[in-house]
Amino acid sequence: MSCILFFILLKSLSIEYKIALLIILFIFHFSYYNDFLKQIKSINDDPSVYTIDETLAIVMAWIYLGEIKIINLIFLFVLFRFFDILKPLGIRSVEKQLNWPPVFRNLADDILAIFYASLILYVIQQYVG
């Protein structure tokens, strides 16, 4: 939930700063992920204490959706967590069946989860108001 506070505080950033933040998070994820797993001696490719992947996914939606109301951001976060935890609609199979290195698989399920969450929020914004 601290992620929501982070986005509320940075809500008014220009698109250029949001993209710069996304790039920094990508670099950090790909540079630090494997070392982090070694440090915590995790056998799980997606430990719950590692949240850079979730933050990256939300930043992607934040850029795509543009300026959204705080209530919609919270709704997006709840939808994202729903998809990220339950892994329906092919998310689990993407996470398990990809023959990619763990650093990519770790991010792939979150990107798919935020895609579904963003799609639902977008449809609601367009057709419900």
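Residue numbers restart at each chain and count upward from 1, following the sequence in its written direction. With pLDDT at 70 or above as the cut-off, local features in this predicted model cover only qualifying residues; side-chain atom pairs require 80 or more to be listed or tallied, and sums for whole chains, interfaces and linings still use all residues. Water and hydrogen atoms play no part in the side-chain values, which are based on all heavy atoms of the structure.

Engineer: Explain helix α2 (residues 15-40) to me, and be specific about the residues and the numbers.
Structural biologist: Secondary structure elements are taken from DSSP: a helix is a run of H or I of four residues or more, a strand is a run of E of two residues or more, and numbering for both begins at the N terminus. Here the expected span of a helix is defined as 1.5 Å times the quantity of residues minus one. Here α2 is 26 residues long and its end C-alpha atoms lie 35 Å apart, about the 38 Å a rise of 1.5 Å per residue gives. The term bend refers to the angle at a residue between two fitted axes, each drawn through seven residues, those ending there and those starting there. If you look at α2, its biggest bend is around 45°, right at tyrosine 32. Every buried residue of α2 is listed here: Lys18, Leu21, Leu22, Leu25, His29, Tyr33, Phe36 and Leu37. Where α2 terminates, the next one or two residues include lysine 41, which has phi positive at roughly 55°. Three exposure classes are used, based on accessible area relative to the maximum for each residue type with a 1.4 Å probe and protein chains only: buried under 20%, partly exposed in between, and exposed over 50%.

Engineer: Report on the packing of aromatic side chains, specifying residues and quantitative values.
Structural biologist: The aromatic pairing rule takes the rings of Phe, Tyr and Trp, using the six-membered ring of Trp, and pairs them if the centres are within 6.5 Å, calling planes under 30 degrees apart stacked, those over 60 edge-to-face and the rest tilted. Counted under the stated rule, the structure contains 9 aromatic pairs. Summarising the aromatic geometry, the rings of phenylalanine 26 and phenylalanine 30 are spaced 6.2 Å apart at their centres and angled 5° between planes, so their arrangement reads as stacked. Of this pair, phenylalanine 26 and phenylalanine 30 both sit in helix α2, separated by 4 residues, roughly a single helical turn. For phenylalanine 26, a relative accessible area of 25% gives the class partly exposed. Accessibility expressed as a relative area gives 33% for phenylalanine 30, which makes it partly exposed. Here phenylalanine 82 and phenylalanine 83 contribute two aromatic rings whose centre-to-centre distance is 5.1 Å and whose plane-to-plane angle is 75°, an arrangement assigned as edge-to-face. Note on phenylalanine 82: relative accessible area 40%, which makes it partly exposed. Of the residues examined, phenylalanine 83 reaches a relative accessible area of 5% and is grouped as buried.

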